[in-house]
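# Architecture at a glance
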Amino acid sequence: MRADAEELEKWLTEIDQFNVTPGAGTTRAVYTEEFFEARNYVKGVMQSLGLTVREDSVGNLFGEYQGTDADEEPIWTGSHIDTVPNGGRYDGLAGVFAGLEAVKMLKAEGIRPKRTISVNVYAGEEMSRFGICCIGSRALAGRITEEDLKESRDSSGKSIFQILEENGFDLGHFPEKGKVHASLELHIEQNTVLEENEIPVGVVTGICAPTNLTCTVRGVQSHAGGTSMKNRRDAFMAAAEISLALEELARTSTSEYITGTVGQMKLMPGAANVIPGQAEFSIDIRSISGEDKNRLVGDLKSRIDGIAQRRGVEAVLTLLNNDMPYVCDPHIRGILHSEAEKAGIPVMDLISGPYHDSLMLGDITDAGMIFIPCKNGISHDRAEAISMKDLARGTDVLAAALLVLANE
Ligand code: GLV
Ligand code: MN
Ligand code: MN
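It should be emphasised that the depicted structure is a prediction, and the values quoted were computed from it without experimental measurement. (Residues numbered from 1 in each chain as written. Chains lettered and ligands numbered in written order. Predicted model: local features only at pLDDT ≥ 70, side-chain atom pairs only at ≥ 80, totals over all residues. Heavy atoms only, no water.)

### Description of the packing of aromatic side chains
Where we set the bar: For Phe, Tyr and Trp, rings pair up if their centres lie within 6.5 Å, where Trp contributes its six-membered ring, and each pair is then called stacked (planes under 30 degrees apart), edge-to-face (over 60) or tilted (otherwise). Only protein chains enter the accessibility calculation, which uses a 1.4 Å probe. A residue is then buried if its area is under 20% of the maximum for its type, exposed if over 50%, and partly exposed in between. Helix numbering and strand numbering both begin at the N terminus, where a helix is a DSSP run of H or I of at least 4 residues and a strand a DSSP run of E of at least 2. The criterion for a charge sitting over a ring is simple: Lys NZ or Arg CZ within 6 Å of the ring centre, and within 35 degrees of the ring normal.
The tally for this structure, following the rule as stated, stands at 10 aromatic pairs. On the basis of an interplanar angle of 85° and a centroid distance of 5.9 Å, the ring pair of Tyr31 and Phe35 is categorised as edge-to-face. Of the two residues, Tyr31 and Phe35, neither departs from the other in class, the shared state being buried. Pairing Tyr41 with Phe97 gives two aromatic rings, centres 6.4 Å apart and planes at 75°, and the pair type is edge-to-face. Of the two residues, Tyr41 sits in helix α2 (residues 33–48) while Phe97 sits in helix α3 (residues 93–108), which places them 56 residues apart along the sequence. Exposure class is identical for Tyr41 and Phe97. Each is buried. Three or more aromatic residues joined by ring pairs form one cluster here, namely Tyr31, Phe35, Phe36, Phe130 and Phe169. Positioned above the aromatic ring of Phe62, the side-chain terminus of Arg54 is 4.1 Å from the ring centre. Note that Lys150 overlies the ring of Phe161, its terminal NZ or CZ placed 4.6 Å from the centroid.

### Looking at the coordination of the manganese ion (ligand 2)
Counted only if it meets this: Each metal's donors comprise the N, O and S atoms found within 2.8 Å of it (within 3.2 Å for Na, K or Ca). Water is not part of the atom list, so some coordination spheres may appear incomplete.
The protein atoms donating to the manganese ion (ligand 2) are Asp91 (OD), Glu126 (OE) and His380 (NE2), with metal-donor distances spanning 2.0 to 2.1 Å. Sequence spacing of the donor residues for the manganese ion (ligand 2), all on one chain, is D-x34-E-x253-H. The exposure class of His380 is partly exposed, given its relative accessible area of 41%.

### Overview of the environment of Glu241
How we decide: Contacts: residue pairs with any heavy atoms within 4.5 Å of one another.
Along the chain, the position of Glu241 falls in helix α8 (residues 235–252). Taking the C-alpha atoms as reference, Glu241 lies 22 Å from Pro210; in sequence the two are 31 residues apart. Glu241 has contacts with Ile307, Arg310 and Arg311, leaving out every residue within four places of it along the chain.

### So, the coordination of the manganese ion (ligand 3)
Donor atoms from the polypeptide that bind the manganese ion (ligand 3) are His80 (NE2), Asp91 (OD) and His187 (NE2), placed at 2.0 to 2.2 Å. Each donor residue of the manganese ion (ligand 3) lies on the same chain, and together they follow the pattern H-x10-D-x95-H.

### Observations regarding the side chain of Asn60
The following threshold applies: A 3.5 Å cut-off defines polar contacts: any pair of N or O atoms within that distance qualifies, except that in protein one atom must be a possible hydrogen donor and the other a possible acceptor, and neighbouring residues in sequence count only when both atoms are side-chain atoms.
By secondary structure assignment, the location of Asn60 is in the loop between β1 (52–55) and β2 (61–65). For Asn60, a relative accessible area of 0% gives the class buried. Within the structure, Asn60 has its side chain in polar contact with the side chain of Asp56 (distance 2.9 Å). Within the structure, the side chain of Asn60 is placed 3.2 Å from the backbone oxygen of Gly136, a separation counted as a polar contact. Ignoring any residue separated from it by four or fewer positions in sequence, one finds Asn60 in contact with Arg39, Arg54, Glu55, Val121, Tyr122, Ala123, Gly136, Ser137 and Leu140.

Given below as structure tokens:
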């Protein structure tokens, strides 16, 4: 069984037509017109492969290759098709099409395993539209409530709930927790470990988890020229100092995989000659250790209190999610190593700094991940690039491991 690199490339190229920033990377936020169009494209591929297509009330899509025993819990694979603004073509998408190619390979060999293999497109993995990540897989893991869907809003003020209703999703049937034997997701690495080691396939040992917060700083809006420096209560300068405190805490932490990022900042009223009265910004903290991450959040809170007091501003932190890291299932990792060895494909273990849908799915099943290299480790950017040969090798390992799991 060998994956068809040309078909993978064709799918990945065709789906990129559903993109609102052609020429400037891929922008396809969850639940937008282009997202639903891309989803329909995947549905079409699923149908052409003879899969049973199903969807749920938060927009997850399932393409099932029915196993011989309908009573057995299925195996899940797949990933996401939404992107960050001006992102790449492969983050998430590589895993969706690798899953479809893997099932196509099994079918071509006339292999029908005992368990159903479901190739899934999880809705809204990226947090960029609503501030909360992994909407679909979080729902399947029972980690999101209807209330959360009503409270999580995009920059236009629309809630996830409203948008789903407008698009005809039946929220009377909130997804039930998935009953799954195992989950295996392929993804691009989004770092340079595989590339530096010249290894085409990675076996993920653990997934760092994000804590996401919004910080709102309220100062005093005033005239940029008329307000002397000593009389200012500048919301942005306080926000900048908080951001630098976050950077310092993450940089000086002895925890190896800890990161701290401010990726979004909104200033009010937002004019060059007005001292901002309010700054609202995102805080993203990751680690492979939940304990280290919580400690950093605690330290940041103390720093924020000090900064706010000294600058005479008010700073309020709102927690959006605090996910715990996941140790990938050792049994699945063992299968990945042995199937790769059988196929003569070199693999190595590595940690995922980014979060993935698998982080959520690890709550309800044994989850594993396969990584393939991405050029210079760049991702969440239009420069994201992969080799189709690496993707095909990763898909070979995925198909072989899915088959083992589906016959357990
Ligand atoms: C996923 O895209 C992440 O931000 O880790
Ligand atoms: Mn991403
Ligand atoms: Mn991703």
